[in-house]
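Here are the chains, one letter per residue:
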Amino acid sequence: MDHSTKDGHHHHHSHGPDTKDSHHNHVHDSEMTAGSQHQNNHDHQHHSHTDHNTHHGHMIEDFKKRFWVSLIVTIPILILSPMIQMFLNVDWRFPLDMYILFGLSSFVFFYGGWPFLTGAKDELRQKEPGMMTLIALAIVVAYVYSVMATFGLTKGDFYWELATLIDIMLLGHWIEMKSIMGASRALEELVKLMPSEAHRIMENGEIEDVQIKELKEGDIVLVKPGEKLPVDGKITEGNSSIDESMLTGESAPVEKGQGDQAIGGSINGEGSLTVQVQKTGESTYLSQVINLVKEAQATKSRTQDLSNRAAKWLFYLALGVGILTLVVWLLLGYSFSFALERMVTVMIISCPHALGLAAPLVVAVSTAISAKKGLLIRNRAHFENARKIKAVVFDKTGTLTKGEFGVTNIQTENGFSEQEVIQLAASLESQSQHPIATGIVKEAKFRNLEFSEVQKFHSLTGKGLEGTIKGKHIMVVSPGYVKSRNIQYDKESFNEWSSEGKTVVFVLMNQSLAGMIALADIIRDSAKSAIQSLKEMGIKSYMLTGDNQKVANYVGSQLNMDDVIAEVLPHQKSEKIEAIQQEGLKVAMTGDGVNDAPALAKADLGIAIGTGTDVAIESADIVLVNSNPEDVVNIIHLSNATYKKMTQNLWWAAGYNIITIPLAAGVLYKFGLILSPAVGAVLMSLSTVIVAINAKTLKI
């Protein structure tokens, strides 16, 4: 039941659970841009999206290549550096050696440092200095000062500092990008939901296949069974049940006939329809959803993650203390070259090597742990902030429920047993593709019942099915049919089931009632415990669904949710999220359908259920592979643990600076204590090692 579009592409946007698990593997392929933590998706509207994703893979490869090449070139830089030779107590000086050092270091600066220089340009353009700006400051100052030294303008060079800093920062960025998934392709996925062609019916009754964009308002198109509706329009002929669950969240297929509205992208059931085109292009339902997602992505705050926030402060600190150092030494009457050397030392030391690894190593460990638990993290800043979540909004269909029908109640009449009722119904329903049929067939298999052969099978559109089994006329029909024939049934049970939002079908043998079967979208067991855990953590749970109020209330009461909001359209979903945010609560949204995409993009943390549509997955910050609502609780715990570990690491990394910056500035100069670069180097390596070991101890 994978509705392939005409051009032969299979997009698994099915409504059934059976194809649902086959699509989410594509998620792993997309990779993260270097800048994604620095330029949180605010530039991705400018690229065409296909460039964007191949662009990811290239970025990772690019950082990897720059790291290895720079590392190899760093070896001769270290050997040639006078300071390292002094450190090793050797003298390998030779004529013109400084010029070779200058050449090699210039290569590392421009080749290895390039991503940081361009990254800093972007950050400063947005007036948000972060990691890139801090690294750029240190390497530019180190390079310029060292070049001046090479040509005799200053004394002492920092080439080896420059090279090792670039190596470690490249390594950190490469580790981090490798561990996090790619930027969003939500819009591209939304466009895919639309078939590319339609069957237009000409004046003379002939049918021609045309591109969707050629359709005009008022055109008549034919939609065959199982196809997707190409546009929004009005049904002029035919009856069918249409599956809109992925678009609207309505769990049961909707019976539609002449005069009813149909939405482009929904899936036609068993009947043929002719539809008059009412909306095309920008005004269609899907295009409106696309625009909502675009807006939400553009306005979602460009949160900086923790390491960038730390880097921002260190950047201001470095600039401030550096300039102060220069001014004070000059005022004390020291030479400009001495004051400059102190200032440069301060600025270089203020970008700790360890800072480049403090966050990436924790990210790598935490991403590996989460992947084992089936959580795929796509946006790190939003994941880090998950610990602040105070409200979780769940979509119902497919998230709290399985999005598939199951038999919940059976009532028998006229001496039939439950087994017989199910056996008859399932034998007949096994001929149909309807989700309700699937539910009944599943129940029969679960009870190990044999199916009987059906003759004269016939589908009564909108009413049910009929056929002959062992010479008896069997029907499985809707309440409407039973009422129209004045067949007596137990109204009390029927009303009770209906009030819980269940779908009821009647099984008739030779026009007399054998039994009634109630079916409902099955609630996931894990949903109950997830909501209980959230309550214990003091987090509110809301249900937000496009399905009808009755069904929603029933599910909400089963799960003990704080609030249930039903019958909402996609734009109302994202408005509702905004309303909760207005109350000052940080909101996570969990959903799986097209109608959830705008809300997922709008929420502080968007969580997609892995069995959902690609669109939902692409507009989320985190994807739950196992479709288990309990994972929402895991995300919050994991976010807490990760954040703690990062803060520790940043203190270890920056702690080294906080001690060494004043020493480098020469605070204790008059006691003959000035931080020699060699001691600086030892301290620096030490803090880097501590940070690496600490990251490995992250446990959930």
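Predicted, not measured: the structure shown is a model, and the values here were computed from it. (Residues numbered from 1 in each chain as written. Predicted model: local features only at pLDDT ≥ 70, side-chain atom pairs only at ≥ 80, totals over all residues. Heavy atoms only, no water.)

Q: Before we go on, may I ask you to explain the overall build of the protein chain in this structure?
A: Secondary structure assignment for the protein chain yields 26 helices and 22 strands. Here the protein chain, with 700 residues, has 58% of them falling under the buried criterion. (Helix = DSSP H or I, 4+ residues; strand = E, 2+ residues; numbered from the N terminus. Buried < 20%, exposed > 50% of the residue type's maximum accessible area, 1.4 Å probe, protein only.)

Q: How do you make sense of the environment of Phe-94 when you look at a structure like this?
A: Examined against the element boundaries, Phe-94 turns out to sit in the loop between helix H3 (82–88) and helix H4 (97–112). Leaving out residues up to four positions away in the same chain, Phe-94 has contacts with Leu-80 and Ile-100. (Contact = heavy atoms within 4.5 Å.)

Q: Just checking my understanding: could you explain the pattern of salt bridges for this structure?
A: Side chains bearing opposite charge may pair, as long as their charged atoms lie close to each other. By the definition in use, this model includes 19 salt bridges. For Lys-502, the salt bridge is made with Glu-500, and the minimal N-O distance between the two is 2.8 Å. The structure contains a network of salt bridges with shared partners spanning Glu-176, Arg-380 and Glu-384. (Salt bridge = Lys/Arg side-chain N within 4 Å of Asp/Glu carboxyl O.)

Q: For this particular structure, what's the right way to read the side chain of His-199?
A: Within the secondary structure layout, His-199 lies in strand E1 (residues 197–201). Here His-199 falls in the buried class, since its relative accessible area comes to 3%. Within polar-contact distance, the side chain of His-199 engages the side chain of Asp-209 at 2.8 Å. (Polar contact = N/O pair within 3.5 Å; in protein donor to acceptor, adjacent residues only side chain to side chain.)

Q: Even after reading the chapter, I still don't get the sheet that holds strand E8 (residues 267–268), so can you show me in this structure?
A: Strand pairs in the sheet, formed through backbone hydrogen bonds, run parallel or antiparallel to each other. With antiparallel pairing, the three strands of this open sheet are ordered in space as E6-E5-E8. In this open sheet, the two edge strands, each paired with only one partner strand, are strand E6 (254–256) and E8. Alignment of strand E5 (residues 240–243) against E8, held across two bridges, turns out to be antiparallel. By the bridge assignment for E8, Asp-243 is matched with Ile-267. (Pairing = 2+ DSSP bridges.)

Q: Would you take a moment to explain H4 for this structure?
A: Between its first and last C-alpha atoms H4 spans 22 Å; for 16 residues at 1.5 Å apiece the expected length is 22 Å, and the two agree. All of the buried residues in H4 are Asp-97, Met-98, Leu-101, Ser-105, Ser-106, Val-108, Phe-109, Tyr-111 and Gly-112. (Expected span 1.5 Å × (residues − 1).)

Q: Looking at this structure, I do not really get a nonpolar patch on the surface. What am I missing?
A: Taken together, Ile-75, Ile-79, Phe-87, Leu-88, Trp-92 and Val-682 make up a surface patch of nonpolar side chains, about 600 Å² in accessible area. Listing elements by their share of the nonpolar patch, those giving two or more residues are helix H2 (49–80) and H3. Along the chain, Trp-92 falls in the loop between H3 and H4. (Patch = residues over 30% accessible without salt bridge, like charges linked within 9 Å, V, L, I, M, F, W, Y side chains within 5 Å. Areas by Shrake-Rupley, 256 points an atom, 1.4 Å probe, with all protein chains shown as cover.)

Q: What should I look at first to understand the packing of helix H11 (residues 306–331) against helix H25 (residues 630–665) in this one?
A: Two numbers describe a pair of packed helices, the interaxial angle and the distance between the axes. Across the interface, H11 lies against H25 with an axial gap of 11 Å and an inter-helix angle of 5°. It follows that H11 is roughly parallel to H25 by the angle criterion. Within the contact between the two elements, H11 uses Leu-306, Ser-307, Arg-309, Ala-310, Leu-314, Leu-317, Val-321, Thr-325 and Trp-329 and H25 uses Tyr-643, Met-646, Thr-647, Leu-650, Ala-654, Asn-657, Ile-661 and Ala-665. Its residues assigned to classes, the contact of H11 with H25 shows twelve nonpolar, four polar and one charged. (Axes fitted to C-alpha atoms, helices over the stretch in contact; angles between N-to-C directions. Parallel < 35°, antiparallel > 145°, perpendicular 65-115°, else oblique. Nonpolar A, V, L, I, M, F, W, Y, C, P; charged D, E, K, R; others polar.)

Q: Whenever I open this one, the environment of Ser-266 confuses me. Can you help?
A: Here Ser-266 is to be found in the loop between strand E7 (261–262) and E8. C-alpha separation for the pair Ser-266 and Thr-248, spaced 18 residues apart in sequence, amounts to 9.2 Å. Once you skip the residues sitting within four places of it in the chain, Ser-266 turns out to touch Glu-227, Lys-228, Leu-229, Ile-242, Asp-243, Glu-244 and Leu-247. Side-chain polar atoms of Ser-266 contact the backbone oxygen of Ile-263, separated by 2.6 Å.

Q: What is the right way to look at the packing of aromatic side chains in this model?
A: Ring pairs (aromatic) are described by centroid distance and by the angle formed between their planes. Using the criterion set out here, one finds 18 aromatic pairs in the structure. Consider the rings of Phe-102 and Phe-151, whose centres lie 5.4 Å apart with planes at 80°: the pair is edge-to-face. Here Phe-102 is found in helix H4, whereas its partner Phe-151 is found in the loop between helix H6 (131–150) and helix H7 (159–179), with 49 residues between them in sequence. According to the relative accessible area criterion, Phe-102 is partly exposed, its value standing at 23%. For the pair Phe-109 and Tyr-143, a centre-to-centre distance of 4.3 Å together with 5° between the ring planes defines the contact as stacked. Of this pair, Phe-109 sits in helix H4 while Tyr-143 sits in helix H6, and the two are 34 residues apart along the sequence. Look at Phe-109 and you get buried, because its relative accessible area is 6%. Pairwise contacts between aromatic rings join Phe-67, Trp-68 and Trp-174 into one cluster. Positioned over the ring face of Tyr-643 is Arg-387, at 3.2 Å from the centre of the ring. (Phe/Tyr/Trp six-rings, centres within 6.5 Å; stacked < 30°, edge-to-face > 60°. Lys NZ or Arg CZ within 6 Å of the ring centre and 35° of its normal.)

Q: What should I look at first to understand the side chain of Gln-411 in this one?
A: By the secondary structure assignment, Gln-411 is in strand E12 (residues 401–412). Within the local environment of Gln-411, its side chain forms a polar contact with the side chain of Ser-493, the two groups lying 2.7 Å apart. Those residues in contact with Gln-411 that lie beyond four places of it in its chain are Asp-490, Ser-493, Trp-497, Gly-515 and Met-516.

Q: How should the sheet that holds strand E15 (residues 472–477) be read in this particular structure?
A: Spatial strand order, E12-E17-E16-E15-E14-E13: six strands in an open sheet with antiparallel pairing. Bordering the open sheet on either side are E12 and strand E13 (455–460), each of which pairs with just one other strand. Across the sheet, the mean angle separating the axes of adjacent strands is 20° when strand polarity is ignored. When strand E16 (residues 503–509) meets strand E17 (residues 512–523), the two strands line up antiparallel, connected through seven bridges. In the strand pairing of E17, Val-507 is matched with Gly-515. Sheet strands touched by helix H17 (residues 435–446): E12, E16 and E17. Its angle to E12, the strand with the most contacts, is close to 65°.

Q: Help me understand the pairing of E16 in this model?
A: Residues in a regular strand project their side chains so that they alternate between the two faces of the sheet. Extensive coverage of E16 is indicated by the burial of six of its seven residues. As paired elements, E15 and E16 share four bridges and run antiparallel to each other. Bridge assignment links Ile-474 to a residue of E16, and that residue is Met-509. Linkage of E16 to E17, two consecutive antiparallel strands, is achieved through a turn of two residues, within which Asn-510 is found at a positive phi near 45°.

Q: Any chance you could explain the confidence of the model for the protein chain here in plain terms?
A: Interpreting fine coordinate detail is not advised for predicted regions of low pLDDT. Residue-level pLDDT values for the protein chain average 82, and 87% of them are 70 or greater. Counting contacts from residues 1–52, a segment whose pLDDT is below 50, to residues more than four positions away or on other chains yields 127 contacts. (pLDDT = per-residue confidence, 0-100.)

Q: Mind showing me how you'd approach the UniProt feature "transmembrane region" (unreviewed entry) in the protein chain here?
A: Using the residue numbers shown here, the UniProt feature "transmembrane region" (unreviewed entry) corresponds to residues 67–88, 100–120, 132–152, 158–175, 313–332, 344–371, 650–669 and 675–695. Helix and strand shares over residues 67–88 are 95% and 0% respectively, and the end C-alpha atoms of the span are 26 Å apart. Helix makes up 90% of residues 132–152 and strand 0%, whereas the separation of the span's terminal C-alpha atoms amounts to 30 Å. (UniProt positions renumbered as here; feature names shortened; annotations may be inferred.)

Q: What's the story with the pairing of strand E2 (residues 207–211) in this structure? I'm lost.
A: Note: E1 against E2, five bridges, orientation antiparallel. Bridge pairing in E2 links Ala-198 to Val-210. Counted between consecutive antiparallel strands, the loop separating E1 from E2 contains five residues, among which Gly-205 sits at a positive phi close to 90°.

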